[in-house]
Amino acid sequence: MGLGRFLVVKTINAAIVLLVVLIIVTVLFIDVSEKELISSIEDYLRTLKPPQSLPPEKVREWKEQRRMEEYRRYGLDKPKWQRIFYRVRDVLMLNLGTATHMKSFISGSNKVKDIILEALPNTIILFTTAQLIDIAIGLILGLQAARKVGSILDRSISLIAMISYSLPMWWVGMLMLMFFSYRLRWFPSSALNVYEAIRHVSNPLEYIATWAYYMALPLVTVVLVTFGGTAYVTRNIVVGVLQEDFVMAARAKGIPERKVLYGHVLRTASPPIVTMSALSIIGSLGGAIITETVFTWPGMGRVYWIALQQSETGVLIGTTFISVFLFVVTLIILDIVYGILDPRVRVG
Amino acid sequence: MVSKELLVKLQDFWSEYKRYKIGVVGIVLLVFLLVLTIAAPFIANPEHVKNWNVAEYWADYPAEAPPEWINWFSPVKRAVQERITNYTIHEDVHEAINVKIVEVYFTYDYEYDIPPKDLVIKATLQFNATTPPLYSLRVIRPDGNEIRLITQKKLEVSGANITTYDMRIALTKIEDINTRLINGIEKWLEEKYEEVPEWFEEEREKVEVTMIDPMLVLFSNASEGILSGTGSPLKGNYTLALRVVFRCVNDTITPTELLVKGSVYGLCGTDGSGRDLWSGIVFGTQWALIIGLLTSVLSTFIGVLVGVTSGYLGGLWDELIQRITQIFYSMPVLPLLILMAYLWKRSIWNVIILLVIFGWSGVAIVTRSMALQLKEALYVEAAKATGASSARIIFKYIMPQVLPYAFATIALNVPSAILTEAGLSFLGLSDPTIVTWGRILEDANGGGAVMKNLWWWVIPPGLMIALVGMTFVFIGNALDAVLNPKLKSR
């Protein structure tokens, strides 16, 4: 099939996934969020004073009427599937509502959209930076290991990869905090203080430096746990490519080894490596929740966790939606890029 | 005949597997873990794990105590947990006035640099509730100083008959213990030097009485630093004398023990609630193995079934199943997992079910493409020609080819299952009735272990998680190398 049709199919697929997940999450949460709404309506009703003229029996009727009014206003009187439909539609239009207790850090707004928009960049900064460093280190080490298969470097990389695959990232984070933050006092223990710190900053260089200081420990943790795996997978991919005939032909032609490696091999190896990296970012965003909580990093993962503890259903639905959205969009982009680079994929 | 074939195949497999040292290391680790699981009731205390959530059970254990063996590596020795059951008892019966005076002496030999966290006297008394006894407690230090800790306290009990009373006196909880100790030391110093030394007066001024650790004062030399906590240890025999005045000759006291709450405890120390971490961690092994293996086997099994069926059947079925698989595959696991764990009952079986629900799709995708290739084989065509049903073809011809990949996958999926469950435990979403390593780490995080540098609480559970993970990664890698030869290192 042509590229155009391929793209359309992939996009439709992704949209379906997004919708299905959104519906599932809304269904799961509709009861909890409505329970809250109902109790806040009851609170409101309690403050209402009926007109003096009404006899006691009629008071109850009057209160019922007011209750029905409120229910109608929030759409609680409609059948369940309709309520779910409206909720889903709201989220799709990014009308995410307000939170009951949570507030965004800087602006203090309690609109869900603001809370998420404030936290999202933080998560992206942390994990994308970590991923870039990870890819850089992984590529270099992986290439070297692939060139000298069976060497000490190669074997150490395999070992490191296997060990770091079993390490809980958040536990390594705890160790880092315990040692570098509390014991040695080299780094701050709570990244949340960064907002306090940047208030006193005057120039952009200091701004970046302050962020970097607070980001240092979480960054090192993420890179430490992931670089081994990246290096190992790069090594495997490159080893596979090195066995291809065209490499042998290039060498036979007399092309210098460096050009063979960085010119031909790397270019062939890049699609799978890019795929792997993108999938890693996605994977780490999932684990971000726990890691961010350990470091008190003000990102989406932490927002999710706080929302869960405080039963902020609006925030939960919004965050889940955004993360699934990003996840799915990344997968589409990957598929598209892969489809462009490797036409064989479009047929599968 | 079949078994002989199988035996030969297994032998071949083993000789091939042996070549991968890392795989052998994995097997060794696995054996170690299995031994740990089986030996758990013998090398650790199952009662500890059964009572993990019962706060009163841990009253006799010191909180936040490091493991005993740190004494080997430190010049400063910390007091070890002891239960002293030897005592001397002295009875003085006065029939005429119907009074019985009993004196119980416990002796504690203190040879450490850092005192115990508490001393607890336990005894069982039997008396008539209407005529309760009076008791006093004094301590005699190695330097001869005798300090009164409790004077003539009446044992108040409700009721009107003979009651059996379990007495438990914890020194650090005695009323005004600090003041009494300070006064006792002052008096002794006065007697010895004829007047209270200046340094003592100065120190007494400076300290905040409520902030003093009574154990530190009790077990320090009566010299400079005793009140500020910088003094030197007073080593030797400490005698605790409990004096009970019974108002009826028939009343009795049966001393149980003098409990020395150590500053160190056990093989792995204790957590913030005093719980024995060694037992918790050892018994956590079986759960890690169960969760990891069960989840991995189930999700791989389902994944293979779905993938192969979908790939083989092709057509509309394939499309449908593929769509469903893709939906599951595209969902970010952890956020949704957390969501569902939050809404459902907190049980380990629910967690396993959730893990399997999110785990099978990856396997399905791969096995489907394998099936797509395999179904083109000639023998499959032949089988179809002779009228074999789809089910038979799938199970007899295609599945066996997929099995090697399946085994490697089972092994390789165990670490992520364990890590995910540990993550859920850490967030407090897993089963509260079982003790898993993730849960111990959750308590550690909540108990400020990171801040207080309680390394024996933070490091071992995580290390065990990593160990189990590594075991299966090593085995999985070796299995993969043997069963799926593709990457030949030239």
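Residues numbered from 1 in each chain as written. Chains lettered and ligands numbered in written order. Predicted model: local features only at pLDDT ≥ 70, side-chain atom pairs only at ≥ 80, totals over all residues. Heavy atoms only, no water.

Asker: Explain the overall build of chain A to me, and be specific about the residues and the numbers.
Answerer: Helices and strands together make up the secondary structure of chain A, namely 12 helices and zero strands. Its helices and strands taken in sequence order, chain A reads α-α-α-α-α-α-α-α-α-α-α-α from the N to the C terminus. Taken over the C-alpha trace, chain A has a radius of gyration of 27 Å; the compact-globule value for 348 residues is 20 Å, which it surpasses by more than 25%. For the C-alpha atoms alone, the extent of chain A along its principal axes is close to 105 × 60 × 40 Å. (Helix = DSSP H or I, 4+ residues; strand = E, 2+ residues; numbered from the N terminus. Rg over C-alpha atoms; globule rule 2.2 N^0.38 Å.)

Asker: Let's hear about the sheet that holds strand E2 (residues 88–94) of chain B: which residues, and what values?
Answerer: What holds strands together in a sheet is hydrogen bonding between their backbones, with the strands either parallel or antiparallel. Residue and element names in this part refer to chain B. Strand order in the open sheet formed by five strands is E2-E3-E8-E5-E6, and the pairing between neighbours is antiparallel. Each having just a single partner strand, E2 and strand E6 (146–154) make up the two edges of the open sheet. Taken over all neighbouring pairs, the strand axes of this sheet differ in orientation by 15° on average, direction set aside. When E2 meets strand E3 (residues 99–110), the two strands line up antiparallel, connected through seven bridges. Residue pairing across strands places His90 opposite Glu103, the latter belonging to E3. (Pairing = 2+ DSSP bridges. Axes fitted to C-alpha atoms, helices over the stretch in contact; angles between N-to-C directions.)

Asker: Could you give me a rundown of the confidence of the model for chain B, with the residues and numbers involved?
Answerer: Averaged over every residue, the pLDDT of chain B is 88; residues scoring 70 or more account for 98%. Here the complex is predicted with pTM 0.84, and the ipTM for its interfaces comes to 0.83. (pLDDT = per-residue confidence, 0-100.)

Asker: Describe a nonpolar patch on the surface, with residues and values.
Answerer: Residue and element names in this part refer to chain A. The grouping of Leu19, Ile23, Val27, Leu92 and Met93 at the surface amounts to a nonpolar patch, some 430 Å² of accessible area in total. Tracing the chain through its elements places Val27 in helix H1 (residues 3–47). Residue class for Val27 comes out partly exposed when judged on its relative accessible area of 39%. (Patch = residues over 30% accessible without salt bridge, like charges linked within 9 Å, V, L, I, M, F, W, Y side chains within 5 Å. Areas by Shrake-Rupley, 256 points an atom, 1.4 Å probe, with all protein chains shown as cover. Salt bridge = Lys/Arg side-chain N within 4 Å of Asp/Glu carboxyl O. Buried < 20%, exposed > 50% of the residue type's maximum accessible area, 1.4 Å probe, protein only.)

Asker: Could you give an account of the interface of chain A and chain B, naming the residues involved and the relevant values?
Answerer: The interface of chain A with chain B comprises 44 residues on the first partner and 48 residues on the second. Both sides together, the interface formed by chain A and chain B hides about 4300 Å², and carbon and sulfur atoms give 77% of it. Summed over the shared surface of chain A and chain B, the result is zero salt bridges. For the pair chain A and chain B, the interface holds four residue pairs in polar contact (both at pLDDT 80 or more). Every element with two or more residues in the side of chain A that touches chain B is listed here: H1, helix H5 (152–166), helix H6 (169–183), helix H8 (204–242), helix H10 (257–295), helix H11 (300–309) and helix H12 (313–341) of chain A. At 10 residues, the largest contribution of residues to the side of chain A that touches chain B is made by H1(A). When its residues are assigned to classes, the side of chain A that touches chain B shows 34 nonpolar, eight polar and two charged. (Contact = heavy atoms within 4.5 Å. Buried area = accessible area lost by both parts, 1.4 Å probe. Polar contact = N/O pair within 3.5 Å; in protein donor to acceptor, adjacent residues only side chain to side chain. Nonpolar A, V, L, I, M, F, W, Y, C, P; charged D, E, K, R; others polar.)

Asker: Kindly report on the pattern of salt bridges, identifying the contributing residues and their values.
Answerer: Enumeration over the complete set of coordinates arrives at 23 salt bridges over all chains. Measuring nitrogen to oxygen at the nearest pair gives 2.9 Å for the salt bridge that ties A:Glu42 to A:Arg67. Note that A:Glu42 is positioned in helix H1 and A:Arg67 in helix H2 (residues 56–73), a separation of 25 residues in sequence. According to the relative accessible area criterion, A:Arg67 is buried, its value standing at 19%. Between B:Asp113 and B:Lys235 there is a salt bridge, with its nearest N and O atoms 3.3 Å apart. Of this pair, B:Asp113 sits in the loop between E3 and strand E4 (118–128) while B:Lys235 sits in the loop between helix H7 (214–218) and strand E8 (236–246); the two residues are 122 residues apart in sequence, bridging distant segments of the chain. Look at B:Asp113 and you get partly exposed, because its relative accessible area is 25%. Within the structure, one salt-bridge network assembled from shared partners comprises B:Asp60, B:Arg83, B:Lys122, B:Arg168 and B:Glu257.

Asker: Account for a negative patch on the surface, naming residues and giving values.
Answerer: All names here are of chain B. Taken together, the side chains of Glu190, Glu191, Glu194, Glu195, Glu198, Glu201, Glu202, Glu205 and Glu224 define an acidic patch exposed on the protein surface. If you list the elements that add at least two residues to the negative patch, you get helix H5 (177–193) and helix H6 (198–206). Counting residues per element, the negative patch draws most heavily on H6, which supplies four residues. Among the structural elements, Glu194 can be located in the loop between H5 and H6. Note on Glu194: relative accessible area 75%, which makes it exposed. (Lys, Arg positive; Asp, Glu negative; His and termini not counted. Charge placed at Lys NZ, Arg CZ, Asp CG, Glu CD.)

Asker: Please set out empty space enclosed by the protein residue by residue, giving values where relevant.
Answerer: Residue and element names in this part refer to chain B. A full pass over the atoms with the stated rule returns three cavities of 30 Å³ or more. When its volume is computed, the largest cavity comes out at roughly 70 Å³. As for the largest cavity, its lining consists of Gly284, Trp287, Ala288, Ile291, Ile418, Glu421, Ala422, Thr436, Trp437, Gly438 and Ile465. Elements that contribute at least two residues to the lining of the largest cavity include exactly helix H8 (277–313), helix H13 (390–426) and helix H14 (437–446). (1 Å grid on protein atoms, 1.4 Å probe; cavity = no way out; pocket = protein on both sides within 12 Å on 5 of 7 lines; lining within 4 Å. Points joined across faces, edges and corners; volume = space filled by probe spheres on them.)

Asker: With reference to specific residues and values, describe the pairing of E4(B).
Answerer: All names here are of chain B. A large share of E4 lies buried, amounting to eight of its 11 residues. Inspection of the sheet shows E4 paired to strand E9 (residues 252–261) by nine bridges, in the antiparallel sense. Residue pairing for E9: Asp118 is matched across the bridge by Lys261. Taken together, the nine bridges between E4 and strand E7 (residues 162–170) define a ladder with antiparallel strand orientation. Across the sheet, the residue bridging to Ile121 is Ile169, located in E7.

Asker: Now, about the environment of B:Val93: what can you tell me, with residues and values included?
Answerer: All names here are of chain B. Within the secondary structure layout, Val93 lies in strand E2. Take Val93: its relative accessible area is 39%, and that puts it in the partly exposed class. When the C-alpha atoms of Val93 and Cys248 are compared, they prove to be 9.6 Å apart, with 155 residues separating the residues in sequence. Excluding its chain neighbours within four sequence positions, the residues that come into contact with Val93 are Val99, Lys100 and Val249.

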